[in-house]
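# Topology and contacts: notes
Residues per chain are reported as follows:
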Amino acid sequence: MKLIMYSADLSSQLRLAFADKGIRAGFPSPAQDYMGESIDLNHELVSHPATTFYARAVGDSMVGCGIDDGDLLVIDKSIEPMDGDIVVAFIDGEFTLKRVRLDKEADCLWLMPANESYKPIKVTEDNEFIVWGVLTYNIKRQLRR
C-alpha cells in the first residue's frame, strides 16, 4: 500500500456539532436531544501536533484490517512502534503501510500485509529501513451507492 502524505495543519479550530450521547444504530430517536456538545477533530485525533501527519491510503494491501484505498490515515512519528502496530515504513527508497512483526528467532523484522495477494517483506540489516510513524486513526470515506 502506497501513501500520499500531508502535514497536519493545526493552526485553526473547527468545532462541529457532536452527538455526545451517541447515535443509535437500531431504532431512531430525536437527534436534537443529543446535540449539546461540540467537538474539534484536531483536538480529538492529534495527540502530538509537531509529530503528526496525515496520509491517504493508495492500494489494497491492508484491506484485511479495514484500511481501504482512499482512507485518510492519522500517523504519529513520536510513538515508538511495538510488535503488531500498523506503521508507515520507509524501506529501500519507498514508503509503505504494513503491520510490524518481530521475529526474535530469526533476528529480523517483518512488514506484514493484510491481504493474501501480497507477500510479507523481510527486513534485515541489508535494507535501508526506518519506521516513519505509527498509525493512530483510520478515517473511512463513506461509499455512496
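To be clear, the structure that these remarks concern was listed above.
Since we're looking at a predicted model, the values are computed, not measured. (Residues numbered from 1 in each chain as written. Predicted model: local features only at pLDDT ≥ 70, side-chain atom pairs only at ≥ 80, totals over all residues. Heavy atoms only, no water.)

## Quick look at the overall build of the protein
Worth spelling out the cut-off: Helix and strand assignments follow DSSP, with helices taken as H or I runs no shorter than four residues and strands as E runs no shorter than two, numbered in order from the N terminus. In this scheme, a residue with accessible area under 20% of its type's maximum is buried, one over 50% is exposed, and one in between is partly exposed, where area comes from a 1.4 Å probe on protein chains only. Note on contacts: a residue pair is in contact if any heavy atoms of the two residues lie within 4.5 Å. Computed with a 1.4 Å probe, the accessible areas rest on the Shrake-Rupley method; for each residue, only the protein chains presented here act as cover.
In terms of regular secondary structure, the protein is built from 1 helix and 10 strands. For the protein, the succession of helices and strands along the chain, N to C, is β-β-β-α-β-β-β-β-β-β-β. In the protein, which comprises 145 residues, the proportion classed as buried is 30%. The contacts in the protein between residues at least 6 apart in sequence include a share of 58% that link residues at least 24 apart. Approximately 10000 Å² of the protein is accessible, and the part contributed by carbon and sulfur atoms is 52%.

## Some points on the environment of Val-131
Locating Val-131 in the fold gives a position in strand β10 (residues 129-139). Residues Val-131 and Lys-77, spaced 54 residues apart in sequence, show a C-alpha to C-alpha distance of 8.4 Å. Every residue in contact with Val-131, bar those within four places of it in the chain, is listed here: Pro-81, Val-87, Val-88 and Ala-89.

## Some points on the pattern of salt bridges
To keep it simple, the criterion reads: Each salt bridge in this description consists of a side-chain nitrogen of Lys or Arg and a carboxyl oxygen of Asp or Glu lying within 4 Å of one another.
According to the stated counting rule, one finds 2 salt bridges in the structure shown. A salt bridge links Asp-68 to Lys-140, with the nearest nitrogen and oxygen atoms 2.5 Å apart. Separated by 72 residues along the polypeptide, Asp-68 in the loop between β4 (52-58) and β5 (72-76) and Lys-140 in the segment after β10 bring together distant segments of the chain. Classification of Asp-68 by relative accessible area gives partly exposed; the value is 32%.

## Thoughts on the nonpolar core
Here is the rule: The nonpolar core is taken to be a set of buried Ala, Val, Leu, Ile, Met, Phe, Trp, Tyr and Cys residues, with the residues joined through side-chain atoms within 4.5 Å.
The biggest cluster of nonpolar side chains holds 11 residues, and these are Phe-53, Ala-55, Ala-57, Met-62, Ile-67, Leu-73, Ile-75, Ile-86, Val-88, Leu-97 and Leu-135. Among the elements of the structure, β4, β5 and β6 (86-91) are those that each provide at least two residues to this core. In terms of residue count, β4 provides more of this core than any other element does, 3 residues in total. Grouped together as the second largest cluster of nonpolar side chains are 8 residues, Ala-89, Leu-109, Leu-111 and Val-134 included.

## Let's talk about the packing of aromatic side chains
We count it as follows: What counts as a ring pair is set by centres within 6.5 Å for rings of Phe, Tyr and Trp (its six-membered ring), and what kind of pair is set by the plane angle: stacked under 30 degrees, edge-to-face over 60, tilted for all other angles. Charge-over-ring placement is defined geometrically: NZ (Lys) or CZ (Arg) within 6 Å of the ring centre, and within 35 degrees of the ring normal.
Enumeration according to the criterion identifies 2 aromatic pairs in this entry. Of the aromatic side chains, those joined through ring pairs into one cluster are Phe-90, Phe-95 and Trp-132. For Lys-77, the ring lying beneath its charged end belongs to Trp-132, and the centroid distance is 4.0 Å.

## A few points about the side chain of Thr-96
Going by this rule: Polar contacts, as used here, are pairs of N or O atoms within 3.5 Å; protein pairs need one atom able to donate a hydrogen and one able to accept it. Residues neighboring in sequence count only if both atoms are side-chain atoms.
Summarising the element assignment, Thr-96 is placed in strand β7 (residues 94-103). Thr-96 sits in the buried class, given a relative accessible area of 8%. A polar atom in the side chain of Thr-96 sits 2.8 Å from the side chain of Lys-98.

## Notes on the side chain of Asp-76
So the rule is basically this: The charged-residue count follows a simple rule in which Lys and Arg add positive charge and Asp and Glu add negative charge, with His and chain termini not counted at all.
Turning to its location among the elements, Asp-76 is positioned in strand β5. Lacking a salt bridge, the buried Asp-76 has Lys-77 as its closest oppositely charged neighbour, with an N-O distance of 9.2 Å. Of the polar contacts made by the side chain of Asp-76, one reaches the side chain of Thr-51; its length is 3.0 Å.

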